[in-house]
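A closer look at the structure
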Amino acid sequence: MSQPVRVVLASQSPRRRELLTLVGIPHEVVPADIDETPFPHEAPAAYTERLAREKVAAVAGRFPGAVVIGSDTTVVIGGELLAKPEDDADARRMLRLLSGRTHTVHTAVAVCRGDRVVSGVEDVAVTFRPLGDDEIAAYVATREPMDKAGAYGIQGYGATIVERIDGDYFAVMGLPLVRLTRLLGEVGVRYRFGAPFV
Ligand SMILES: Cc1cn([C@H]2C[C@H](O)[C@@H](COP(=O)(O)OP(=O)(O)OP(=O)(O)O)O2)c(=O)[nH]c1=O
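Residues numbered from 1 in each chain as written. Predicted model: local features only at pLDDT ≥ 70, side-chain atom pairs only at ≥ 80, totals over all residues.

Looking now at the UniProt feature "site: Important for substrate specificity" (unreviewed entry) in the chain. UniProt records the feature "site: Important for substrate specificity" (unreviewed entry) for Arg15, Thr73 and Gln155 in the present numbering. A stretch of 141 residues holds the annotated residues, and the largest C-alpha distance among them is 14.5 Å, short enough that they meet in one place. Residue contacts for Arg15: discarding those within four places in its chain leaves Gln155, Met173 and Gly174. Turning to its location among the elements, Thr73 is positioned in strand β3 (residues 67-77). Given 28 C-beta atoms within a 10 Å radius, Thr73 is considered buried. Thr73 has contacts with Val105, Thr107, Ala149 and Gly174, leaving out every residue within four places of it along the chain. (UniProt positions renumbered as here; feature names shortened; annotations may be inferred. Contact = placed C-beta atoms within 7 Å. Helix = DSSP H or I, 4+ residues; strand = E, 2+ residues; numbered from the N terminus. Buried ≥ 20, exposed ≤ 12 C-beta atoms within 10 Å, placed from the backbone.)

Here's what the structure looks like:
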């Protein structure tokens, strides 16, 4: 007999909640509070994956028997890692850096069930059209950039800035869904277009 499995999302991100709901995965939300300081010389993809794993590790002990999902997104351009902007000036600086160029979004996802933790990271190339300073100021004034890595949201007004992407759109938005369902399978949880089961 197959049984639905309890899913805990170790995230405060509204986008991650939305995406799990989009593919019919009921879940509880338990944000993980971890130190997000990169190690010296840590490569961006490795850093992103480490944070996703630390997020599940911070929450998993409280939910034995559940599947815990954690994720992390970083934006990298010219070797610089762009986290969430600290203020408006920081958001404008990031958007000026990204204007008219291609950057990389790394989104890692980690899945924990019992004593098993599996994880992976998606790398996506995202190209912005050129942006004028007045447009950057207007975009920051919408507040959309403020809680997002790289100071933009591909799923919002940012959709009119992104010229092309090469990779998983949902990874840019914050949760790679193909990768997630594959990782669920690796820990023995089946997903068939609805609530996952064991
Ligand atoms: C690039 C990009 C990022 N984002 C968001 C997704 C994430 O919420 C955020 C990246 O920050 P994260 O630190 O990955 O996540 P978070 O702090 O929002 O949530 P938690 O750590 O609790 O899981 O940026 C978008 O919504 N759209 C985009 O196009």
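There is more to say, and it comes next.
This paragraph deals with the environment of Arg96. Relative to the helices and strands, Arg96 resides in helix α3 (residues 88-98). Placed 34 residues apart in sequence, Arg96 and Pro130 show a C-alpha to C-alpha distance of 8.9 Å.

According to UniProt, the positions carrying the feature "active site" (unreviewed entry) are Asp72. Mapping Asp72 onto the fold places it in strand β3. In this structure Asp72 comes out as buried when scored by C-beta crowding, with 26 C-beta atoms within 10 Å. In this structure, Asp72 is in contact with Thr48, Leu51, Ala52, Lys55 and Ala108, ignoring residues within four places of it in sequence.

Along its 17 residues, helix α2 (residues 44-60) runs 24 Å from first to last C-alpha, staying within 8% of the 24 Å computed at 1.5 Å per residue. Within α2, burial applies to Pro44, Tyr47, Thr48, Glu49, Arg50, Leu51, Ala52, Arg53, Lys55, Val56, Val59 and Ala60. Along its buried surface, α2 packs onto β1 (7-9), β3, β4 (80-82), β5 (102-113) and β6 (116-128). (Expected span 1.5 Å × (residues − 1).)

This paragraph deals with the packing of α3 against helix α4 (residues 133-141). Relative orientation of the contacting elements α3 and α4 amounts to 130°, with a least axis distance of 10 Å. Here α3 lies oblique to α4, going by the angle between them. Crossing of α3 over α4 shows right-handed handedness. Facing Asp88, Ala91, Arg92, Leu95 and Arg96 of α3, the residues of α4 in contact are Ile136, Ala137, Tyr139 and Val140. Across the contact of α3 with α4, the residue classes tally to six nonpolar, no polar and three charged. (Axes fitted to C-alpha atoms, helices over the stretch in contact; angles between N-to-C directions. Parallel < 35°, antiparallel > 145°, perpendicular 65-115°, else oblique. Left-handed = near helix turned anticlockwise from the far one by under 90°. Nonpolar A, V, L, I, M, F, W, Y, C, P; charged D, E, K, R; others polar.)

Judged by how many residues are buried, β5 sits mostly within the fold: nine of 12 residues are covered. Alignment of β3 against β5, held across 10 bridges, turns out to be antiparallel. Across the sheet, Ser71 pairs through a bridge with Val109, a residue of β5. Inspection of the sheet shows β5 paired to β6 by 12 bridges, in the antiparallel sense. Its bridge partner being in β6, Thr102 is matched across the sheet by Thr127. Hairpin connection between β5 and β6: a loop of two residues separates the two successive antiparallel strands, and Gly114 in this loop has a positive phi of roughly 60°. (Pairing = 2+ DSSP bridges.)

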